[in-house]
Amino acid sequence: MKSSEQNMILQARILETIKAFDRIVICRHRRPDGDAYGSTFGLREILRDAFPAKDIRLINDDHSDYLSFIGDDDLPFSDEEYRESLFIVLDTGTKDRVSQKHLNDAKFLIKIDHHIDNLPYGDISWVEDARSSACEMVASFCLSFPETLRLSPVSASYLFTGMVTDTGRFRYEGTDGDTMRIAGALMDQGIDREMIFANLYMDPYDVVVFSANAMKNIRRTENGVAYLHVTTGMIKKYGITTEQASASVSLMDSIRGSFIYIAFIDYPDGTIRVRLRSRFIDIQKLASKYHGGGHANASGATLSGRKEMNALLRDADAILKEAKQAHKEWI
Ligand SMILES: [Mn+2]
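So, how was this worked out
Residues numbered from 1 in each chain as written. Predicted model: local features only at pLDDT ≥ 70, side-chain atom pairs only at ≥ 80, totals over all residues. Heavy atoms only, no water. Axes fitted to C-alpha atoms, helices over the stretch in contact; angles between N-to-C directions. Helix = DSSP H or I, 4+ residues; strand = E, 2+ residues; numbered from the N terminus. Parallel < 35°, antiparallel > 145°, perpendicular 65-115°, else oblique. Left-handed = near helix turned anticlockwise from the far one by under 90°. Contact = heavy atoms within 4.5 Å. Nonpolar A, V, L, I, M, F, W, Y, C, P; charged D, E, K, R; others polar. Donors = N, O, S within 2.8 Å, 3.2 Å for Na, K, Ca; no water. Pairing = 2+ DSSP bridges. Domains from an automatic or database assignment. Buried area = accessible area lost by both parts, 1.4 Å probe. Salt bridge = Lys/Arg side-chain N within 4 Å of Asp/Glu carboxyl O. Phe/Tyr/Trp six-rings, centres within 6.5 Å; stacked < 30°, edge-to-face > 60°. Buried < 20%, exposed > 50% of the residue type's maximum accessible area, 1.4 Å probe, protein only.

**With respect to the packing of helix α2 (residues 34–50) against helix α5 (residues 153–166)**
One way to put it is that α2 packs onto α5 with a least axis distance of 7 Å and a crossing angle of 160°. With respect to α5, the axis of α2 lies roughly antiparallel. As α2 packs across α5, the resulting crossing turns out to be left-handed. For the pair α2 and α5, contact is made by Gly34, Asp35, Gly38, Ser39, Phe41, Gly42, Arg44, Glu45 and Ile46 and by Val154, Ser155, Tyr158, Leu159, Gly162, Thr165 and Asp166, respectively. Looking at the contact of α2 with α5, its residues break down into five nonpolar, seven polar and four charged.

Encoded structure:
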């Protein structure tokens with residue numbers, strides 16, 4: 001395990017804090033992804049197995065339809081109960097992204113996350129930005145305290161699901177030996193990998209037809225930034241969700257020379273959401289310039305309109321141009 005001594009101390013404090021509370025609220029970020037689901041469901045299951053007398057609930061303000069196969073939230077607590085609860089937030093870099101309107105009522109707040117820690121929060125904050133996923137951290141946490149915490153086929157399935165999605169099926173940067181060893185420990189629980197992959201990667205027919213049309217709209221900047229603008233018209237025409245529209249960024253992940261690729265999605269509120277992806281090149285700074293953030297090779301941003309979209313494309317093009325000049329061996 002790569003956890004430093006400092007991180008082991010934090011994990012021990014987290015376990016002690018969990019033991020001290022009868023009520024625990026587990027939450028994630030808004031517009032949750034597979035890792036946000038997997039890590040919260042996984043932790044809930046592990047804690048329920050270990051502490052059956054505690055009232056441990058998953059409570060969030062929103063959910064993602066495409067992940068509903070994983071499960072639903074629990075019933076909310078009363079206002080009084082929230083104020084006596086330990087809140088554990090997973091996979092959420094900043095407090096304003098937490099999908100939980102009662103967060104400020106928390107008696108005690110724990111943050112467990114693998115995003116770059118720009119705006120720290122929580123009474124205990126365990127952040128390791130070199131980790132592949134929050135799921136990897138939860139699994140590692142569980143494996144670190146075998147006298148108290150155990151994996152089960154159910155918790156292992158949740159955690160494996162989030163590891164698969166956040167690592168792009170164990171391909172992205174951040175996937176290392178520990179990631180695979182931990183995934184191995186999860187597989188040892190006898191999880192149904194085929195079912196997980198089927199749930200994650202089989203698409204409705206309409207989405208496949210949308211994808212075929214979206215691919216026709218892929219454009220490239222002068223230096224090879226691939227991009228795709230999914231307009232409100234396209235979303236309506238194919239009857240897809242904005243989540244499904246956002247997933248179209250992966251349609252551009254294998255274009256030779258397009259080491260930066262971007263999907264722009266029209267949102268009903270008039271903004272344009274950006275999914276920014278890259279190989280070799282760090283695009284996190286570019287995302288933060290446009291009111292966003294995330295990881296070196298996978299970030300998001302929000303734009304006010306077309307003008308900002310063109311400005312972002314110009315910036316991305318300049319970054320790709322410079323990177324290609326510095327790395328002739330790439331092309
Ligand atoms: Mn994550």
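**As for the coordination of the manganese ion**
Protein ligation of the manganese ion involves Asp35 (OD), Asp91 (OD), His114 (NE2) and Asp166 (OD), the donor distances falling in the range 2.1 to 2.3 Å. Counting along the primary sequence, the residues that act as donors to the manganese ion give the motif D-x55-D-x22-H-x51-D. Here Asp35 is found in helix α2, whereas its partner Asp166 is found in helix α5, with 131 residues between them in sequence.

**Quick word on the sheet that holds strand β5 (residues 124–127)**
If you trace the five strands from one edge of the open sheet to the other, you get β2-β1-β3-β4-β5, paired in parallel fashion. Each of the sheet's edge strands pairs with one partner strand only, and the pair in question is β2 (55–58) and β5. Recorded for the sheet is a direction-independent mean angle of 15° between the axes of neighbouring strands. Pairing of strand β3 (residues 86–90) with strand β4 (residues 108–113) involves five bridges; the strand directions are parallel.

**What about the domain arrangement of the protein chain?**
In terms of domains, the protein chain is made up of domain 1 (5–200) and domain 2 (205–330). Measuring from the centre of the C-alpha atoms in domain 1 to the corresponding centre in domain 2 gives 28 Å. Together domain 1 and domain 2 conceal approximately 800 Å² of surface at their shared face, both sides included; 36% is due to carbon and sulfur atoms. The interface formed by domain 1 and domain 2 holds zero salt bridges in total. Tallied by class, the residues present in the side of domain 1 that touches domain 2 amount to two nonpolar, five polar and four charged.

**As for the packing of aromatic side chains**
By convention here, two paired aromatic rings are described through the distance between centres and the angle between planes. Tallied over the full model, the rule gives 14 aromatic pairs. On the numbers, 6.3 Å between centres and 50° between planes, the contact of Trp126 with Phe141 is tilted. Of this pair, Trp126 sits in strand β5 while Phe141 sits in helix α4 (residues 134–144), and the two are 15 residues apart along the sequence. Using a relative accessible area of 0% as the deciding quantity, one classes Trp126 as buried. Judged by relative accessible area, which is 2%, Phe141 ranks as buried.

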